[in-house]
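If you want the building blocks of each chain, they are given just below.
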Amino acid sequence: MGWEILKMTVYASTLGITFRSAVPLLYGSLGGCFNQTSGCNNIAYECVMLFGALFGVIGSFYTGNPWIGALCAMGIGILVALIFGMFTIVFHSNSIVVGVALNSGAWAMTTLLMVSLFGSRGSFTDPGIISFSRLNTSLIDKIPYLGSVLGQNVLPVYLAYAMIAVSYIVMFKTPFGLRIRGVGQNEVAAETAGISAVKYRMISLVMMGAFVGLSGCCLSLGGLSMFSENMTAGRGFLCVASMIVGGGNPIKIALVALLFAYSDAMSQILTTLGLNGLLVSTIPYIAVIVVLLISGIKSFKGTADLEG
Amino acid sequence: MSDEYILQMKHIRKTFARLVANDDINLDVRKGTVHALIGENGAGKSTLMRILTHIYKPDSGEIWLNGQKTNFKTPLEAARAGIGMVHQEFMLYNNLTVYDNIILGFEEKHGGIFIDKKACRAKIEGICEKYQFNIPLDEKIKELPVAMLQQVEIVKALYRGAEILILDEPTSVLTPSGIRGLFKAIRFLVDSGKTIIFISHKLGEVFEIADTITVLKDGKVVATVRPDEIDERGLASLMVGREVILQAEKKDHPFGPPVLKVENLSVRDKEGILRVKNVSFEVRAGEIVGVAGVAGSGQQQLVEALFGLRAPEPGSQILFEGNPINRATPAQRRCMGIGYVPQDRLGAGVNGNASIWENSIMGYHIAHGFSSKWLLNHREIEAFTDRIVDQFMVKRQKNSDKVRTLSGGNIQKLVVGREFLQENKLLIIEDPTRGIDVGAIEFIWSKIIELAASGVGILIVSHELNEVLQLSDRVLVIYNGEISDGGRYREYTEEQIGLLMLGGKLSDVQGDVQNQNQ
Ligand SMILES: Nc1ncnc2c1ncn2[C@@H]1O[C@H](COP(=O)(O)OP(=O)(O)OP(=O)(O)O)[C@@H](O)[C@H]1O
Ligand SMILES: [Mg+2]
């Protein structure tokens, strides 16, 4: 049994699931990391993602085109993010309170919308919901082992990985990224350099909305073609955790997101062994706690520290 | 006429609620000169400069540049027009590199969207070379000492194309050698055609560097003079409105038993480097012990260990009234009667976003009451806050105002007042008069002497050698983490202590004394 489990850790199917289930986390955390770095204390990821998942389904169901679904998801994401921005950046409400309110409201709102639009409770599946179609990756498929890990995926999966490099470049090679980092560290100093903190926070908030919305629709249109109540199940918070542990560096953020995805994949594979499903499904969350603990230990010194 | 002035500020008025911070101020600055701006704490110097850089909008008044009336709307436009400022509290991003700090907001681009690293770097290096600055571009800000940060700020202003450079109390964070470096840079800048506006509380410096001096008092200009028309005393009385003699009057009184005893204390810094090496000394009740030393010799770590902000190495002993307190937390130490005035007033001394009354009891809310068991006693708090404000002349409007709205010197007075008015047995004081005007320095010095006379043990760690020498009953010199004896009050001269501070040996110093005696 122990040997079986050990072998499973490197199964092509384990890594394949990791590769796919990391996608929503990557979009969410990479899209949000600019907003996070700019000093917005935004935790409304669960909310934006859930709306994105639902509106992806709505868009796809009514037009038959998953890409229009994706656009709808990004649009609603931006709208929700702007509501968040209106409260926190314009009216200076407490961002945690607004975030909690949005997150808990989203479950009810999306369920209500699902019931009133489609008349079904719990979950909504319909042949009319068109998912993204798999790419023809015959070149990759031929590579042994790697082929079955990476191949046969939809386009948004590959784009998510391209986004790691793009985010890194934007964060560290462009004035935009530099200014975002500056605004987050010393708002007054940025203002004296003629940089409006509000403007940069708003721009990055729009990015967050768009990409977290997209990440939601990857859940609902990535393979299953369905929307179910609270289908994000904590993935929004995993994005927040990846961003915090990754500390504003897109590459580190992506690695943490991949780690979370991997533990998720492991738990899925382990259930097939007949282990207690409920127990196994705690693995990703335990992974979060362990990662936070390890990254916290680095900065723990024992005594208070003025320099820190 | 007016075109010989690069800058003219005309009839500037600025109020904050009922407080008039600037009242009909006129300031004319000639190109290629150093124009000093002096005045008491809260006189309105920083406010006037914030108006010039357009961080604040004046209620009325005009700013003319090169004989033309300006109409700036944002700080950016002021910066583009060549007005650069090095703020009293630095405007830097701690986790970014020096290079990123300098270019932020003014990046050279290629391809429209990417930072052109080469062009930016070449421009910075050109400036550093031209004005002889030597700064490490790839280090992070938080790794650098303050003197370096100041150079970064100046280079940053030049990078943004500053023609007029405002330095707001640039010397209050510098050591004597840092000040010499700064003055060299200022002369260089002026020689190459830049104009400097220089704010300082140290009149000696003003005389050394300024071409013109404008004195502010209570938001008004009281005089504009040339340094050869007036002397230091005259200037001080213009500023304060009375005669000031900067001389501590020490009282002779017997010392009690030791309140603080330090034995074999060693402390490592955050990076694990040993910064305090096997140090032993004591402070007796009623005694003022001064620690002199070049900045970065281990003073910071010493004080942090004494106050419980940093754990000492094993084998170290810190005894307060004979009891070991190695493991006591800062809160416990305050309860025992140890007060602390930190060097970094905004970072460690106050919470800038909290009110004045909250800051007045901060740290003492457990130690010395203020609470009727569970609740805060607001009447007592108000009374105590008013005592600080009255006795230490803190210029403020209401006790409920945020501390951040106070002027730099007034924040310092608030911190000093809070610690001095408690019934402490030991006071650890770092740079008590940093950024404070001459009138108030006189007062704080007399307070320190008074406290000692009433039996409080006092440890002063100051970067002002003069302050240590004027106040201390016994001088300790710290060099490279080791402490050597600097003698009793007036035992050694300033030059001899200076030698010790640079690592000279006591025997050399005594040799000097003997040579002089022969
Ligand atoms: N944003 C603000 N809100 C309210 N009051 C303010 C604000 N900024 C400054 N003040 C007040 O205006 C007065 C002038 O302050 P300013 O900072 O110009 O003094 P200063 O001359 O620079 O003093 P210091 O030498 O202590 O730095 C002070 O009484 C201060 O409390
Ligand atoms: Mg000031």
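What counts and what doesn't
- Residues numbered from 1 in each chain as written.
- Chains lettered and ligands numbered in written order.
- Predicted model: local features only at pLDDT ≥ 70, side-chain atom pairs only at ≥ 80, totals over all residues.
- Heavy atoms only, no water.
- Pairing = 2+ DSSP bridges.
- Helix = DSSP H or I, 4+ residues; strand = E, 2+ residues; numbered from the N terminus.
- Contact = heavy atoms within 4.5 Å.
- Axes fitted to C-alpha atoms, helices over the stretch in contact; angles between N-to-C directions.
- Core = buried A, V, L, I, M, F, W, Y, C linked by side-chain atoms within 4.5 Å.
- Buried < 20%, exposed > 50% of the residue type's maximum accessible area, 1.4 Å probe, protein only.
- Expected span 1.5 Å × (residues − 1).
- Arc of directions from axis to C-beta.
- Polar contact = N/O pair within 3.5 Å; in protein donor to acceptor, adjacent residues only side chain to side chain.
- Phe/Tyr/Trp six-rings, centres within 6.5 Å; stacked < 30°, edge-to-face > 60°.
- Buried area = accessible area lost by both parts, 1.4 Å probe.
- Salt bridge = Lys/Arg side-chain N within 4 Å of Asp/Glu carboxyl O.
- Nonpolar A, V, L, I, M, F, W, Y, C, P; charged D, E, K, R; others polar.
- pLDDT = per-residue confidence, 0-100.
- Patch = residues over 30% accessible without salt bridge, like charges linked within 9 Å, V, L, I, M, F, W, Y side chains within 5 Å.
- Areas by Shrake-Rupley, 256 points an atom, 1.4 Å probe, with all protein chains shown as cover.
- Lys, Arg positive; Asp, Glu negative; His and termini not counted.
- Charge placed at Lys NZ, Arg CZ, Asp CG, Glu CD.
- Parallel < 35°, antiparallel > 145°, perpendicular 65-115°, else oblique.
- Left-handed = near helix turned anticlockwise from the far one by under 90°.
- Near = heavy atom within 4 Å.
- Domains from an automatic or database assignment.

**Some details on the sheet that holds strand 17 (residues 323-324) of chain B**
Residue and element names in this part refer to chain B. Pairing within the open sheet is antiparallel, and its four strands lie in the order 14-13-16-17. Two strands bound the open sheet, and with one partner strand each, they are strand 14 (274-284) and strand 17. Relative to strand 17, strand 16 (residues 317-320) is paired through two bridges, and the arrangement is antiparallel. What sits directly across from Leu319, in strand 17, is Pro324. Running over the sheet, helix 9 (residues 299-307) touches strand 13 (258-268), strand 14 and strand 16 and is turned about 120° from strand 13.

**Quick word on the nonpolar core**
Within soluble globular proteins, side chains that are nonpolar generally end up buried alongside one another. Of all hydrophobic cores here, the largest spans 140 residues; its most connected members are B:Ile186 and B:Phe198. Here this core gets 11 residues from one element, more than from any other, and that element is helix 11 (residues 197-221) of chain A. Other than its neighbours up to four places away in sequence, B:Phe198 contacts B:Val34, B:His35, B:Ala36, B:Leu37, B:Leu167, B:Pro170, B:Thr171, B:Phe183, B:Ile186, B:Glu205, B:Val206 and B:Ile209. Counting 36 residues, the second largest nonpolar core, distinct from the first, contains B:Phe384, B:Val416, B:Ile444 and B:Ile448.

**Some details on helix 13 (residues 378-391) of chain B**
All names here are of chain B. In this model, helix 13 (14 residues) spans 20 Å end to end at C-alpha, consistent with the 20 Å of a helix rising 1.5 Å per residue. Every buried residue of helix 13 is accounted for by Ile381, Phe384, Thr385, Ile388 and Val389. Angularly, the buried residues of helix 13 cover 140° about the axis, an arc narrow enough to put them on a single face. The exposed set on the far side of helix 13, more than 90 degrees from its buried face, consists of Arg379 and Asp390. Those residues of helix 13 that are buried are in contact with helix 12 (356-361), strand 20 (375-376) and helix 14 (408-420). For helix 13, the capping residue at the N-terminal end is Asn377, with a side-chain oxygen 3.2 Å from the backbone nitrogen of Arg379.

**Quick notes on the packing of aromatic side chains**
Two numbers describe a pair of aromatic rings. These are the distance of the centres and the angle of the planes. Residue and element names in this part refer to chain A. Applying the stated rule across the entire model yields 18 aromatic pairs over all chains. Taking the centre distance of 4.5 Å and the plane angle of 10° together, the rings of Phe19 and Tyr161 count as stacked. A residue pair is termed long-range when its members are at least 10 positions apart, and Phe19 in helix 2 (residues 12-37) and Tyr161 in helix 8 (residues 155-173) qualify at 142 residues. Accessibility assignment for this pair places Phe19 and Tyr161 in one class, buried. Both rings, one in Tyr62 and one in Phe118, keep their centres 6.4 Å apart while their planes meet at 25°; by these two values the pair is stacked. Residue Tyr62 is located in helix 3 (residues 45-63), and its partner Phe118 is located in helix 5 (residues 95-118); the two are separated by 56 residues in the primary sequence.

**Observations regarding the interface of chain A and chain B**
Across the boundary between the two partners, chain A contributes 25 residues, which contact 31 residues of chain B. A combined buried area of about 2,400 Å² lies between chain A and chain B, and 59% of that area is made up of carbon and sulfur atoms. The interface formed by chain A and chain B contains two salt bridges. Residue B:Glu107 is joined to A:Arg179 by a salt bridge in which the shortest nitrogen-to-oxygen separation is 2.6 Å. Applying the counting criterion to the chain A and chain B interface returns seven residue pairs in polar contact (both at pLDDT 80 or more). When residues of the side of chain A that touches chain B are traced back to their parent elements, those giving at least two are helix 8, helix 9 (175-185) and helix 10 (187-192) of chain A. With six residues, helix 9 of chain A is the single largest residue contributor to the side of chain A that touches chain B. Here the residues of the side of chain A that touches chain B sort into 10 nonpolar, eight polar and seven charged.

**Structural notes on the pairing of strand 12 (residues 220-225) of chain B**
Residue and element names in this part refer to chain B. For strand 11 (residues 212-217) and strand 12, the ladder comprises five bridges, and the chain directions are antiparallel. Across the sheet, the residue bridging to Ile213 is Val225, located in strand 12. In this antiparallel pair of consecutive strands, strand 11 and strand 12, the connection spans two residues, and Asp218 shows a positive phi of 50°.

**So, the confidence of the model for chain B**
All names here are of chain B. Confidence along chain B averages 88 in pLDDT terms, with 95% of residues attaining 70 or more. Segment residues 513-518 is flagged for pLDDT under 50; beyond a separation of four residues in sequence, or across chains, it makes one contact in the model. Interface confidence for the predicted complex, expressed as ipTM, amounts to 0.82; the pTM equals 0.78.

**Some thoughts on a positive patch on the surface**
On the surface, A:Lys252, B:Lys140, B:Lys142 and B:Lys270 cluster together into a positively charged patch. As for its placement among the helices and strands, A:Lys252 is situated in helix 13 (residues 250-272). Exposure remark for A:Lys252: the relative accessible area of 49% places this residue in the partly exposed category.

**Describing the side chain of B:Thr53**
All names here are of chain B. One can find Thr53 in the loop between helix 1 (45-52) and strand 4 (60-65). Polar side-chain contacts of Thr53 include one of 3.3 Å to the backbone oxygen of Arg50. Beyond its immediate chain neighbours, meaning those up to four positions away, Thr53 contacts Pro75, Ala78, Ile83, Met85 and Ile166.

**So, the packing of helix 3 of chain A against helix 12 (residues 235-246) of chain A**
Residues and elements named next belong to chain A. Interhelical geometry of helix 3 versus helix 12 gives an angle of 130° and a closest axis separation of 7 Å. If you check the angle between helix 3 and helix 12, you find them oblique. For the element pair helix 3 and helix 12, the recorded crossing hand is right-handed. For the pair formed by helix 3 and helix 12, the contact residues are Tyr45, Glu46 and Met49 on the first element and Arg235, Gly236, Phe237, Cys239, Val240 and Met243 on the second. Across the contact of helix 3 with helix 12, the residue classes break down as six nonpolar, one polar and two charged.

**Here's the deal with the site of ligand 1**
Residue and element names in this part refer to chain B. Near ligand 1 lie 20 residues; those nearest to it are Lys45, Ser46, Thr47, Ser407 and Gly409. Interatomic distance of 2.5 Å between a side-chain N/O atom of Thr47 and an oxygen atom of ligand 1. In this structure, an oxygen atom belonging to ligand 1 sits 3.1 Å away from a main-chain N or O atom of Thr405. Its free accessible area being 640 Å², ligand 1 has 91% of it covered by the protein chains.

**Considerations on the domain arrangement of chain B**
One frequently used descriptor of interface size is the decrease in accessible area upon assembly of the parts. Residues and elements named next belong to chain B. Per the domain assignment, the segments making up chain B are domain 1 (5-240) and domain 2 (258-337 + 424-517). Placing a centre on the C-alpha atoms of domain 1 and another on those of domain 2 gives a separation of 34 Å. Contact with domain 1, which involves 12 residues of that partner, is made by nine residues of domain 2. Considering only the surface of domain 1 that becomes buried against domain 2, Asn41, Thr175 and His201 emerge as the three largest contributors, covering 39% of it. If you look at where domain 1 meets domain 2, you find one salt bridge. Between the two partners, domain 1 and domain 2, sit four residue pairs in polar contact (both at pLDDT 80 or more). At three residues, the largest contribution of residues to the side of domain 1 that touches domain 2 is made by helix 8 (residues 232-240). Here the side of domain 1 that touches domain 2 is built from residues that sort into four nonpolar, five polar and three charged.

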